[in-house]
Amino acid sequence: MHDFLEKLGIRPINPGVFCGQWRGNGPVRERLSPIDGQVIARVREAAAEDYEAAVTRAQEAFLKWRTIPAPVRGETIRRFGNALREAKPDLAKLVTLETGKILAEGAGEVQEMIDICDFAVGLSRQLYGLTIQSERPQHRLMEQWHPLGVVGVISAFNFPVAVWAWNSALAAVCGDAVCWKPSNKTPLCAIAATRIAEQVCRETGVDPAIFSLVIGDVATTGAPMAADQRIPLISATGSSAMGREVAQTVGRRLGRTILELGGNNAVIVTPSANLDLATRAIFFGAVGTAGQRCTTTSANLDLATRAIFFGAVGTAGQRCTTTRRVIVHESIEQTLRERLIAAYRSLKIGNPLDPSILMGPLIDRQAVQTMTTARNDCRIVQEETFAPLLYLIPYARFDEALTMHNAVPQGLSSGIFTNDFRQAEEFLSVCGSDCGIANVNAGTSGAEIGGAFGGEKETGGGRESGSDAWKSYMRRQTNTVNYSPELPLAQGIVFG
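This report concerns the structure included in the present document.

How each quantity is defined
Along each chain, residues carry numbers from 1 onward, in the same order as the chain's sequence is written. The predicted origin of the model limits local features to residues at a pLDDT of at least 70 and limits the giving and counting of side-chain atom pairs to 80 or more, whereas totals for whole chains, interfaces and linings rest on all residues. Neither water nor hydrogens contribute to the side-chain values; these are computed over all heavy atoms in the structure. Among buried residues, those of type Ala, Val, Leu, Ile, Met, Phe, Trp, Tyr and Cys that are joined through side-chain atoms within 4.5 Å constitute a nonpolar core. Burial classes follow relative accessibility: with a 1.4 Å probe on protein chains only, a residue under 20% of its type's maximum area counts as buried, one over 50% as exposed, and anything between as partly exposed. The way it works is that DSSP assigns letters per residue, a run of H or I at least four long becomes a helix, a run of E at least two long becomes a strand, and they are numbered from the N terminus. The contact definition used throughout considers only heavy atoms, calling two residues in contact when any of these lie within 4.5 Å. Note on geometry: axes are lines fitted to C-alpha atoms, helical ones only across the stretch in contact, with angles between N-to-C directions running from 0 to 180 degrees. Here roughly perpendicular refers to angles of 65 to 115 degrees, roughly parallel to angles under 35, roughly antiparallel to angles over 145, and oblique to all remaining angles. As a working rule, the residues Ala, Val, Leu, Ile, Met, Phe, Trp, Tyr, Cys and Pro are called nonpolar, Asp, Glu, Lys and Arg charged, and the rest polar, with Gly in that last group. Salt bridges, as used here, are contacts in which a Lys or Arg side-chain nitrogen is within 4 Å of a carboxyl oxygen on Asp or Glu. Helix span is expected to be 1.5 Å times the residue number reduced by one. If DSSP finds at least two bridges between two strands, the strands pair. Throughout, the arc means the angular range of directions from the helix axis out to the C-beta atoms.

### So, the nonpolar core
Generally speaking, a soluble globular protein has its nonpolar side chains buried in company with each other.
Thought 1: Grouped together as the largest cluster of nonpolar side chains are 95 residues, with contacts concentrated most on I10, L91, L94 and W164.
Thought 2: The element contributing the most residues to this core is helix α3 (residues 70-99), with eleven residues.
Thought 3: With sequence-adjacent residues up to four places away left out, W164 is seen in contact with F80, M113, V153, V178, W180, A193, A197 and F211.
Thought 4: Membership of the second largest hydrophobic core comes to 31 residues, among which are L347, L389, L390 and F417.

### Details of the packing of α3 against helix α5 (residues 162-173)
Thought 1: With their axes 8 Å apart at the nearest point, α3 and α5 run at an angle of 150° to one another. Relative to α5, the element α3 is oriented roughly antiparallel. Judged by residue contacts, A70, R73, G74, I77 and F80 of α3 engage W164, A169, A172 and V173 from α5.
Thought 2: Classifying every residue of the contact of α3 with α5 by side-chain character gives seven nonpolar, one polar and one charged.

### Things to note about the environment of P34
Thought 1: Here P34 shows up in the loop between β4 (28-32) and β5 (39-44).
Thought 2: The spacing of P34 and G100 is 66 residues in sequence and 5.7 Å in space, taken between C-alpha atoms.
Thought 3: With residues up to four places along the chain from it excluded, the contact list for P34 reads L97, E98, T99, G100, P361, L362 and I363.

### Focus on the pattern of salt bridges
Thought 1: Applying the stated rule across the entire model yields 23 salt bridges.
Thought 2: A salt bridge links E52 to R230, with the shortest nitrogen-to-oxygen separation between them at 2.8 Å. Of the two residues, E52 is situated in helix α2 (residues 48-65) and R230 in the loop between α7 (218-227) and β11 (233-237); the sequence distance between them amounts to 178 residues.
Thought 3: Where R57 meets D207, a salt bridge forms, and the shortest distance between an N and an O atom there is 2.9 Å. Here the residue R57 occupies a position in helix α2, and D207 occupies one in the loop between α6 (187-204) and β10 (211-214), the gap between them amounting to 150 residues.
Thought 4: Classification of R57 as partly exposed rests on a relative accessible area of 23%.

### Regarding α6
Thought 1: In this model, α6 (18 residues) spans 26 Å end to end at C-alpha, consistent with the 26 Å of a helix rising 1.5 Å per residue.
Thought 2: Of all 18 residues making up α6, 14 are buried, and the element is well covered by its neighbours.
Thought 3: Taken from the residues just after α6, G205 is the one with a positive phi, measuring 75°.

### Re the sheet that holds strand β22 (residues 474-482)
Thought 1: One open sheet holds the three strands; their spatial order is β6-β7-β22, and the pairing between them is antiparallel. Looking at strand neighbours, the two that pair on one side only are β6 (130-132) and β22, the edges of this open sheet. Strand-to-strand twist of the sheet, defined as the mean angle between neighbouring strand axes without regard to direction, takes the value 20°.
Thought 2: The sheet contact formed by strand β7 (residues 139-147) and β22 spans nine bridges and is antiparallel. Along β22, the bridge assignment pairs M142 with N479.

### Focus on unusual backbone geometry
Thought 1: Although it is not a glycine, S465 adopts a positive phi angle of roughly 75°.
Thought 2: Phi is positive for S467, close to 55°, though the residue is something other than glycine.
Thought 3: For S467, the position within the fold is in the loop between β21 (464-465) and β22.
Thought 4: Overall, S467 belongs to the partly exposed group, its relative accessible area being 43%.

### Regarding helix α8 (residues 240-252)
Thought 1: The end-to-end C-alpha separation of α8 is 18 Å, in line with the 18 Å expected for 13 residues at 1.5 Å each.
Thought 2: Of all the residues in α8, the buried ones are S240, G243, V246 and V250. Within α8, the buried residues cover an arc of 115° as seen down the axis, which keeps them to one side. In α8, the exposed positions that point more than 90 degrees away from the buried face belong to E245 and R252.
Thought 3: Positioned one or two residues after α8, L254 has a phi angle of 60°, which is positive.

### Regarding the sheet that holds strand β1 (residues 13-15)
Thought 1: Read from one edge to the other, the open sheet built from three strands follows the order β1-β5-β4, with strand pairing classed as mixed. A strand with exactly one partner marks an edge of an open sheet, and here the two such strands are β1 and β4. For this sheet, the mean inter-axis angle between neighbouring strands, taken without regard to orientation, is 30°.
Thought 2: Two elements, β1 and β5, share three bridges in a ladder whose sense is parallel. Counted as the bridge partner of N14 is V43 from β5.
Thought 3: Sheet strands in contact with α6 are β1, β4 and β5, and its direction is about 70° off that of β5.

What follows is the structure in structure tokens.
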């Protein structure tokens, strides 16, 4: 085994359930690296009784955790962020080994975990309610926010630790416990992250079951979690088809969902665009989080091309924010096409553990088969293809470009490259992009911690990470306080 695996607590055979203690009574499965097909380690998955133990213990931990002042809860998350800083090199290597991401992307993902911890620590002192002017004399009307309960987190393979951290860091400072079902394609990353959280909790005297883990198949873990009345909120990341199943199951019990589902992201490239900037942004959005960002403001075609290119091939195209469609004005289509082809030819593909490599492998054989069966008339071209495929679509008029941009079922991330102020403003207006994220002279790939992340339509409508996304993890309560010595007669009040 690699030395860094032992430092992360990964052993040849690993229990796949954590509920304050490690256990697992289900089948033992191998986890192969997409880099070379070799066995990294084995995981003993959850049986039905393990799932029950995890949720039961998470609920018990929540009942204590919710009574701890939020700033004190923030201290545990602060220490968790520091522990991630120390573990970053090793955890980043594990992300690369298990997903096939390049090393820079693995490090970037762990940095997202650290950043959301920093955000959550500050948030722990800002869980604000409202005071409202009451209609009744000598009454005070206010709103406050209370911890919600156990949050179920279902995450995907492409971001095996960051999405869990987005949810768990916010949920924890809000006073919730988390029960995590990671992708079966990346269980070792989940085990390593949970071990770090466990150690921090033990150091701070917190019940570590607030960060519970269940690794298992859909029938044993996923379906029971969606149907479990003890879990008031399910945050699920994955395909739109998976999201529909989760939403229907949770909706039948009137539970809440945060759904982060598919994207079919497009950028519009106008005749006035800085093509250098657009090319780079498309490239970033296609090849992903190589830790590279466009900082130049010079106006030339190469920048635009590189932006498009990186947007299309990052994480080997396996990101929900990957650039998949380029809607380019017909007058510059051929020029942009030639520049993108040149960029693709320059792309170094290989072992993602090599720092010189910009793109590693797809996650497994099934992903390869999905990519190589695509034709222009296939339905798959109209759906999210989790692969480094990029479609160039010409347009003549700007209104046509906007129509084509919005004419897909998904609505996650979008971008426009233009130096025309009016076009930029229209793209951001109510008549422009219908996505949850809209960028001007920047690609579709990636997101900042401070802003709420999520999309519309079949992307699910959920929001995670920054801004006021914390409210999803709490319950709102309206309070009336009567401080009159006598109960006054209600005047002009309509009671529900």
